[in-house]
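Structure at a glance
Read off the chains here:
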Amino acid sequence: MLRRLISAALSLVGLAVVAYVWFFVPLGQRTLHEHAMRIAATEPAQELGSEARDATERVVEHVEGEWRSRYGDAGVP
């Protein structure tokens, strides 16, 4: 019980350190968060996001089709 509590506390401390570094420690002129946001705003990243969204929709449609072929409409909205 105590071991789990200590492990959870250390995990929270580790998460807090990572979050602090991510948002507040500058690497060059910007923080990691600012770098990530600028990268995500580029055209190639936007295209990748669009392609990932399309692929996700295809996978969802495939899984729904498989589910319906095996179990009918039970559990599918």
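Refer to the structure presented above.
Heads up: these notes are all about the structure in this document. (Residues numbered from 1 in each chain as written. Predicted model: local features only at pLDDT ≥ 70, side-chain atom pairs only at ≥ 80, totals over all residues. Heavy atoms only, no water.)

Scanning the protein for helices and strands turns up three helices and two strands. Ordered by position in the sequence, the α and β elements of the protein form the string α-β-β-α-α. For the protein, the C-alpha radius of gyration of 21 Å lies well beyond 11 Å, the compact-globule estimate for 77 residues. The dimensions of the protein, computed from C-alpha atoms along their principal axes, are 50 × 50 × 15 Å. Considering the protein as a whole, with its 77 residues, one finds that 3% of them fall into the buried category. Just so you have it, the protein exposes about 6900 Å², and 65% of that area is on carbon and sulfur atoms. Charge separation in the protein, taken as the distance between the mean sites of 8 positive and 10 negative side-chain charges, equals 13 Å. (Helix = DSSP H or I, 4+ residues; strand = E, 2+ residues; numbered from the N terminus. Rg over C-alpha atoms; globule rule 2.2 N^0.38 Å. Buried < 20%, exposed > 50% of the residue type's maximum accessible area, 1.4 Å probe, protein only. Areas by Shrake-Rupley, 256 points an atom, 1.4 Å probe, with all protein chains shown as cover. Lys, Arg positive; Asp, Glu negative; His and termini not counted. Charge placed at Lys NZ, Arg CZ, Asp CG, Glu CD.)

Here the focus is the packing of aromatic side chains. For the coordinates displayed, the defined rule picks out two aromatic pairs. Measuring from ring centre to ring centre gives 5.5 Å for Tyr20 and Phe24, while their planes differ by 35 degrees; the resulting arrangement is tilted. In this pair, Tyr20 and Phe24 are both assigned in helix H1 (residues 2-24), four residues apart and thus about one turn of the helix distant. A residue is classified by how much of its surface remains accessible, and Phe24, at 56% relative accessible area, is exposed. Both rings, one in Trp67 and one in Tyr71, keep their centres 4.5 Å apart while their planes meet at 50 degrees; by these two values the pair is tilted. Residue Trp67 and its partner Tyr71 are both found in helix H3 (residues 43-71); the two are separated by four residues, about one turn of the helix. For Trp67, a relative accessible area of 39% puts it in the partly exposed group. (Phe/Tyr/Trp six-rings, centres within 6.5 Å; stacked < 30°, edge-to-face > 60°.)

If you trace the backbone, Leu32 turns up in helix H2 (residues 32-40). When its relative accessible area of 30% is taken as the criterion, Leu32 is described as partly exposed. Contact partners of Leu32, with chain neighbours within four places excluded, come to Val21, Trp22, Val25 and Leu27. (Contact = heavy atoms within 4.5 Å.)

Assignment of secondary structure puts Thr31 in strand E2 (residues 30-31). Residues within four places of Thr31 in sequence aside, it is in contact with Trp22, Phe23, Phe24, Val25 and Pro26.

Right, let's talk about the pattern of salt bridges for a bit. Here the structure, examined in full by the defined rule, presents one salt bridge. Between Glu66 and Arg70 there is a salt bridge, and its shortest N-O distance comes to 4.0 Å. Taken together, the residues Glu66 and Arg70, both in helix H3 and four residues apart, mark about one turn of the helix. (Salt bridge = Lys/Arg side-chain N within 4 Å of Asp/Glu carboxyl O.)

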